[in-house]
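So you can see what is in the structure, the chains are spelled out below.
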Amino acid sequence: MTMLAPEAVYLLFSRPHGALYVGRTKDLVWRTWQHRTSAISGHTKRHDIKQLGWYEWHDGFESAAHREYLIKRWRRAWKIALIEAMNPGWKDLWFDIRGDFDEAVPIVTRVED
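Now for a quick tour of the structure. The structure presented is a predicted model; accordingly, all values stated were derived computationally and were not measured. (Residues numbered from 1 in each chain as written. Predicted model: local features only at pLDDT ≥ 70, side-chain atom pairs only at ≥ 80, totals over all residues. Heavy atoms only, no water.)

**A look at the sheet that holds strand β3 (residues 51-59)**
Here is step 1 of the chain: Spatially, 3 strands are ordered β2-β1-β3 in an open sheet, and the strand pairing comes out antiparallel. A strand with exactly one partner marks an edge of an open sheet, and here the two such strands are β2 (20-25) and β3. Taking the axes of each pair of neighbouring strands and ignoring which way they run, one obtains an average angle of 15 degrees across the sheet.
Here is step 2 of the chain: Packing of helix α1 (residues 28-36) onto the sheet brings it into contact with β1 (6-13), β2 and β3, and relative to β1 it is tilted by some 25 degrees. (Pairing = 2+ DSSP bridges. Helix = DSSP H or I, 4+ residues; strand = E, 2+ residues; numbered from the N terminus. Axes fitted to C-alpha atoms, helices over the stretch in contact; angles between N-to-C directions. Contact = heavy atoms within 4.5 Å.)

See the structure below:
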């Protein structure tokens, strides 16, 4: 039997009820850090979207990719409701998931994710 690597689907926000971003990754701590430090150009950097508001784990790529696909097509109000169901105070969940992750890790110039 093949063991599938877990993947996370996540929602970031700029401020409560502000700009949103839906993503998927195998390494939620590292990927969130990349968004927080603006290490990657794109939507999150342009709109200052850095706070982790919601996430869920999936068993493997297919499940996570399908969930991400669905959430990206949801209405904004549904995405906000998803965040508020898990995180009613719009707390930045980065501080809950990071463990002993060093925020001073140098910014990468090439992204493999």
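So, next bit.
**Quick look at the pattern of salt bridges**
Here is step 1 of the chain: Going through the model one piece at a time under the given rule, you end up with 7 salt bridges.
Here is step 2 of the chain: Where Arg 24 meets Glu 7, a salt bridge forms, and the shortest distance between an N and an O atom there is 3.4 Å. Of this pair, Arg 24 sits in strand β2 while Glu 7 is found in strand β1, placing the two residues 17 residues apart along the sequence.
Here is step 3 of the chain: Taking the relative accessible area as the measure of exposure, Arg 24 reaches 25% and is therefore partly exposed.
Here is step 4 of the chain: Close ionic contact of Lys 50 with Asp 48 constitutes a salt bridge, the shortest N to O distance being 3.3 Å.
Here is step 5 of the chain: Residue classification places Lys 50 among the partly exposed positions, given a relative accessible area of 25%.
Here is step 6 of the chain: Shared partners join several salt bridges into a network, and the residues in it are Glu 7, Arg 24, Glu 68 and Lys 72. (Salt bridge = Lys/Arg side-chain N within 4 Å of Asp/Glu carboxyl O. Buried < 20%, exposed > 50% of the residue type's maximum accessible area, 1.4 Å probe, protein only.)

Take it as geometry only, folks, not as evidence of what the structure does.
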